[in-house]
Amino acid sequence: MECTPNSTWRRFEYEAKTDVVEDHSEDKHRESSVISIDDDSGEEQGDAIMVSVVEVSDEEDPESDPGSEDEGMFISDWTLMCPYCDETLPSEPSDRLKHSRILLDEKSILDCDNLDVSPNPYHRYIRPFVNTLEYCTRHRFELNLANSLRNSAWASALPVHFEDLEHRVTSLINILEDVSNYPLDNEFYQDLQRSVEATGESRAFGAIGQYSSINRTSTGYYGERGMAIIFNVLSGHFPVNERVWGVPMMQFIYRVLIPETAIRLIEEDLHLINSTAADRRTAIKIKAESTNYGNMENGHE
């Protein structure tokens with residue numbers, strides 16, 4: 001089989017999914033399409049965590065036909081391609097991407113025996129293949145970054161001036177206190193209440209609950225770095241050891257006040273000064289759309 005860039009990437013996805021399945025299947029009882037993990041505390045079976053097993057379709061199988069989209073593909077200069085996934089690299093990689101490449105090259109070797117069945121003469125061999133995930137995800141992000149920003153409504157707010165963020169968050173304290181005093185009409189509090197009512201407090205605030213709400217509670221293009229600054233300001237002002245509106249204040253900060261702060265900051269950045277319902281919906285949409293950028297570009301330092 002002749003391996004093309006797209007089929008190489010599909011092999012990467014296949015191996016990544018296989019590793020995930022193997023990690024979850026160890027010491028766990030497997031039944032049909034789900035894995036049931038019984039709680040050690042002896043709680044009822046209904047409280048067992050159900051984890052879906054990843055099923056790989058023929059389309060994703062590295063041994064399957066690459067498909068018509070790969071037919072006739074010709075690469076004139078393989079030095080412009082990633083030596084791991086064989087996808088196109090950005091012409092001007094960031095320092096972060098360059099550093100990630102150096103670390104990855106130190107762990108890999110030139111695939112002289114073509115073990116990965118790649119047409120790339122500079123292809124490098126590394127196992128487990130998922131070690132390349134961070135680097136390959138990053139270079140794909142950077143390759144499409146210019147187009148993403150060109151078509152975004154929030155590009156004018158970049159770059160984020162983090163040196164001013166603590167002061168800006170502090171200036172919003174009065175507004176956030178109003179939310180804390182009466183959150184019933186706040187979208188983020190309503191979402192939190194629905195989660196607690198549906199799954200119970202322990203699950204809503206546990207790992208699964210946190211994961212399921214991660215996009216809803218993100219800070220958009222401010223990323224993890226911005227979230228850390230916002231949290232430091234809010235946790236220093238609000239009584240984190242108390243409960244508010246039936247939930248721990250710490251959870252109220254994470255699930256309500258942090259995303260609310262992000263919305264207010266975005267409204268300021270983009271001059272949505274009328275504070276109408278339409279402006280708020282726009283800010284919420286921008287927060288969601290820019291989350292991937294924030295996670296990649298403004299990760300926690």
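Note on numbering: residues in each chain are counted from 1, in written sequence order. Owing to the predicted nature of the model, reporting of local features is limited to residues with pLDDT of at least 70; listing and counting of side-chain atom pairs is limited to 80 or more, with chain, interface and lining totals taken over all residues. Excluded from the side-chain calculations are hydrogens and water; all other atoms, namely the structure's heavy atoms, are used.

Regarding the overall build of the protein
And then number 1: Each helix corresponds to a stretch of at least 4 residues labelled H or I by DSSP, and each strand to a stretch of at least 2 residues labelled E; elements are numbered beginning at the N terminus. From N to C terminus, the protein includes 12 helices and seven strands.
And then number 2: Exposure categories follow from relative accessible area, calculated using a 1.4 Å probe and restricted to protein chains: below 20% of the type maximum is buried, above 50% is exposed, and the middle band is partly exposed. When the 301 residues of the protein are sorted by exposure, 42% land in the buried category.
And then number 3: Excluding contacts between residues fewer than 6 apart, the proportion of contacts in the protein whose partners are at least 24 apart in sequence is 72%.
And then number 4: Surface accessibility in these figures is a Shrake-Rupley result with a 1.4 Å probe; residues are shielded only by whichever protein chains are displayed. When the accessible surface of the protein is totalled, it reaches about 17,400 Å², and 49% of it is carbon and sulfur. Contacts are assigned to residue pairs with any non-hydrogen atoms lying within 4.5 Å of each other.

What about the packing of helix α5 (residues 173-181) against helix α9 (residues 223-237)?
And then number 1: Angular values range over 0 to 180 degrees, each being the angle between N-to-C directions of two axes fitted as lines to C-alpha atoms, with helices fitted over their stretch in contact. α9 packs onto α5 with a crossing angle of 65° between their chain directions and a minimal axis gap of 12 Å. Like other packed secondary-structure pairs, α5 and α9 cross with a definite hand, here right-handed. Between α5, through Ile173, Leu176 and Glu177, and α9, the contact on the second element is made entirely by Val233, Leu234 and His237.
And then number 2: Nonpolar residues are Ala, Val, Leu, Ile, Met, Phe, Trp, Tyr, Cys and Pro. Charged residues are Asp, Glu, Lys and Arg, and all others, Gly as well, are polar. Classifying every residue of the contact of α5 with α9 gives four nonpolar, one polar and one charged. By definition, any crossing whose near helix is turned counterclockwise from its far helix by less than a right angle is left-handed, and any crossing with a clockwise turn is right-handed.

Looking at the packing of helix α2 (residues 95-107) against helix α3 (residues 133-150)
And then number 1: Axis separation between α2 and α3 bottoms out at 10 Å; the angle between their running directions is 155°. Considered as vectors, α2 and α3 are oriented roughly antiparallel to each other. Seen from above, α2 lies across α3 with left-handed handedness. Residues Arg96, Leu97, Ser100, Arg101 and Leu104 of α2 form the contact with α3, whose participating residues are Tyr135, Arg138, His139 and Glu142.
And then number 2: Tallied by class, residues from the contact of α2 with α3 come to three nonpolar, two polar and four charged. Any angle that is under 35 degrees is reported as roughly parallel, and any over 145 degrees as roughly antiparallel; angles of 65 to 115 degrees are reported as roughly perpendicular and all others as oblique.

Overview of the environment of Tyr293
And then number 1: In this fold, Tyr293 is placed in helix α12 (residues 291-297).
And then number 2: On the basis of relative accessible area, Tyr293 is assigned to the buried category, the value being 11%.
And then number 3: Placed 152 residues apart in sequence, Tyr293 and Phe141 show a C-alpha to C-alpha distance of 8.3 Å.
And then number 4: Not counting the four nearest positions on each side in its chain, Tyr293 is found in contact with Phe141, Leu145, Leu149, Trp154, Leu158, Tyr221 and Asn298.

Some remarks on a nonpolar patch on the surface
And then number 1: Residues enter patches when their relative accessible area tops 30% and they take part in no salt bridge; the joining distance is 9 Å for like charges and 5 Å for the nonpolar side chains Val, Leu, Ile, Met, Phe, Trp and Tyr. The working definition used for a salt bridge is a side-chain nitrogen of Lys or Arg within 4 Å of a carboxyl oxygen of Asp or Glu. A contiguous nonpolar surface patch, about 310 Å² in accessible area, is contributed by Tyr182, Leu184 and Trp245.
And then number 2: Position of Tyr182 relative to the elements: it lies in the loop between α5 and α6 (187-199).

Some details on the pattern of salt bridges
And then number 1: Under the definition given, this model contains 14 salt bridges.
And then number 2: Taking the shortest distance from any N to any O, the salt bridge between Asp105 and Arg101 comes out at 2.9 Å. Linking Asp105 with Arg101, this pair stays in helix α2, spanning four residues, or about one helical turn.
And then number 3: Here Glu268 makes a salt bridge to Arg168, at a shortest N to O gap of 3.0 Å. Of the two residues, Glu268 sits in helix α10 (residues 249-269) while Arg168 sits in helix α4 (residues 165-170), which places them 100 residues apart along the sequence.
And then number 4: With relative accessibility at 36%, the residue Glu268 sits in the partly exposed group.
And then number 5: A relative accessible area of 19% places Arg168 in the buried class.

Describing the confidence of the model for the protein
And then number 1: pLDDT runs from 0 to 100 and stands for how confident the predictor is about each residue. With 74% of its residues at a pLDDT of 70 or more, the protein has an overall mean of 79.
And then number 2: The secondary structure element of the protein with the lowest average pLDDT is strand β2 (residues 34-37), at 33, and the one with the highest is α4, at 98.
And then number 3: Predicted confidence is poor over residues 1-5, with pLDDT under 50, and the contacts of this stretch with residues over four places away or in other chains come to 20 contacts.
And then number 4: Taken together, the stretch residues 23-72 has pLDDT below 50 and engages in 61 contacts with residues farther than four places along the chain or on a different chain.

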